[in-house]
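Fold and contact review
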Amino acid sequence: MKVEVVPYNPNWRSQFETESKQIALAFSENVVTIHHIGSTSIPNIYAKPIIDFLIEVKDITKVDEQISVMEALGYEFMGEFGIPGRRYFRKEKENIRTHNVHTFEVNSPEIIRHLAFRDYMITHPEAAQKYSELKRQLAKQYPNDINGYMNGKDSFIKEIEQKALVWQELQKKRT
């Protein structure tokens, strides 16, 4: 898979909103919330131009009943894809990934982790810019090696994730 990171595109938000309406219809009454996650949800940083959705559902097993509906929207079902309790879908157009859908049952720790990372990056632009620069360097270093690119980000993401979870707890105590 070719690794491409591009400057922030303000249209990513509207693309998320448009697609989330279709996803909400697909999962119907099982949907609790649809979140925009991933780098396209963080203003002013470079990102792979792939919109990531985090879907909170009431019952994860009911997602399995909606696979054909998601496939009709152009998504490929990937199962848990390495994260227990997740239902993962991806969408491509002309062999280029455009969307990732990560579905978890309400109260999954994965939801907390993803949202803490996103919210921390949005409220800490200096950390977001470091992440952006790292992604640009890694994309140049690994232009055709998605695994090398992902491995290069891993320690930074884990470090920020830990800070984000602590920060999130402090935010909760303040409110």
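Numbers given for residues are sequential positions, taken from 1 along each chain in its written order. Per-residue local features of the predicted model are confined to residues with pLDDT of at least 70, and side-chain atom pairs are confined, for both listing and counting, to 80 or more; whole-chain, interface and lining totals are unaffected and use all residues. Remark: hydrogens and water are excluded; side-chain values derive from all non-hydrogen atoms of the structure.

The chain is annotated in an unreviewed UniProt entry as GrpB family protein of Nostoc spongiaeforme FACHB-130.

**Focus on the overall build of the chain**
Rules: Elements are defined by DSSP. Helices are runs of H or I of four residues or more, strands are runs of E of two residues or more, and each kind is numbered from the N terminus. Radius of gyration means the value over C-alpha atoms here, while the globule rule gives 2.2 Å times the residue count to the 0.38 power. In this scheme, a residue with accessible area under 20% of its type's maximum is buried, one over 50% is exposed, and one in between is partly exposed, where area comes from a 1.4 Å probe on protein chains only. Each accessible area value is a Shrake-Rupley result obtained with a 1.4 Å probe; residue values ignore everything except the protein chains displayed when judging cover.
The secondary structure content of the chain amounts to six helices and five strands. Computed over its C-alpha atoms, the radius of gyration of the chain comes to 16 Å, within 12% of the 16 Å expected for a compact globule of 175 residues. For the chain, the C-alpha atoms occupy an extent of roughly 45 × 40 × 30 Å along the three principal directions. Taking all 175 residues of the chain together, the buried fraction comes to 46%. Just so you have it, the chain exposes about 9600 Å², and 51% of that area is on carbon and sulfur atoms.

**A look at the environment of phenylalanine 81**
Test applied: When checking whether two residues touch, look at their non-hydrogen atoms; a contact exists if any pair is within 4.5 Å.
With respect to the helices and strands, phenylalanine 81 occurs in the loop between strand 3 (75–77) and strand 4 (87–93). A C-alpha to C-alpha distance of 20 Å links phenylalanine 81 and lysine 93, two positions 12 residues apart in sequence. Excluding its chain neighbours within four sequence positions, the residues that come into contact with phenylalanine 81 are Arg86, Tyr88 and Arg90.

**Some details on the pattern of salt bridges**
Stated precisely, the cut-off is as follows: Criterion for a salt bridge: a side-chain nitrogen of Lys or Arg within 4 Å of a carboxyl oxygen of Asp or Glu.
Applying the stated criterion to the full structure yields 12 salt bridges. Here aspartate 64 makes a salt bridge to arginine 87, at a shortest N to O gap of 2.7 Å. One end of the pair, aspartate 64, is in the loop between helix 2 (60–63) and helix 3 (67–72); the other, arginine 87, is in strand 4, and 23 residues separate them in sequence. Given the relative accessible area of 33%, aspartate 64 is considered partly exposed. A salt bridge links arginine 90 to glutamate 76; its shortest N-O distance comes to 3.2 Å.

**Here's the deal with the sheet that holds strand 2 (residues 51–57)**
Here is the rule we go by: One bridge is not enough; two strands pair if DSSP finds at least two bridges between them. For helices, the fitted axis covers only the stretch in contact; all axes are lines through C-alpha atoms, and the angles between them, taken along N-to-C directions, range from 0 to 180 degrees.
Taken in spatial order, the five strands make up an open sheet running 1-2-5-4-3, and their pairing is mixed. Two strands lie at the open edges of the sheet, namely strand 1 (31–37) and strand 3, each paired on one side alone. Strand-to-strand, the axes of this sheet are offset by a mean angle of 25°, without reference to chain direction. As judged from the seven bridges shared by strand 2 and strand 5 (residues 96–105), these two strands associate in the parallel manner. By the bridge assignment, isoleucine 55 is partnered in strand 5 with threonine 103. Running over the sheet, helix 1 (residues 11–27) touches strand 1, strand 2, strand 3, strand 4 and strand 5 and is turned about 155° from strand 1.

**Remarks on unusual backbone geometry**
Backbone geometry follows two general trends: most residues other than glycine have a negative phi, and most peptide bonds adopt the trans configuration. The backbone of glutamate 94 shows a phi angle near 55°, a positive value even though the residue is not glycine. Relative to the elements of secondary structure, glutamate 94 occurs in the loop between strand 4 and strand 5. Phi angles above zero are rare outside glycine, and asparagine 95 is one such case at about 65°. For asparagine 95, the location among the structural elements is in the loop between strand 4 and strand 5. We classify asparagine 95 as exposed; its relative accessible area is 74%.

**Focus: the packing of aromatic side chains**
Our working rule: Stacked, tilted and edge-to-face are the three classes applied to pairs of Phe, Tyr and Trp rings, where Trp contributes its six-membered ring and a pair requires centres within 6.5 Å; stacked means planes under 30 degrees apart, edge-to-face means over 60, and tilted covers the rest.
Per the counting criterion, the structure on display carries eight aromatic pairs. With 5.5 Å between their ring centres and 90° between their planes, tyrosine 8 and tryptophan 12 make a pair best called edge-to-face. A relative accessible area of 26% places tyrosine 8 in the partly exposed class. Residue tryptophan 12 is classed as buried on the basis of its relative accessible area, which comes to 3%. An angle of 25° between the planes, with centres 5.1 Å apart, marks the rings of phenylalanine 16 and phenylalanine 53 as stacked. In this pair, phenylalanine 16 sits in helix 1 while phenylalanine 53 sits in strand 2, placing the two residues 37 residues apart along the sequence.

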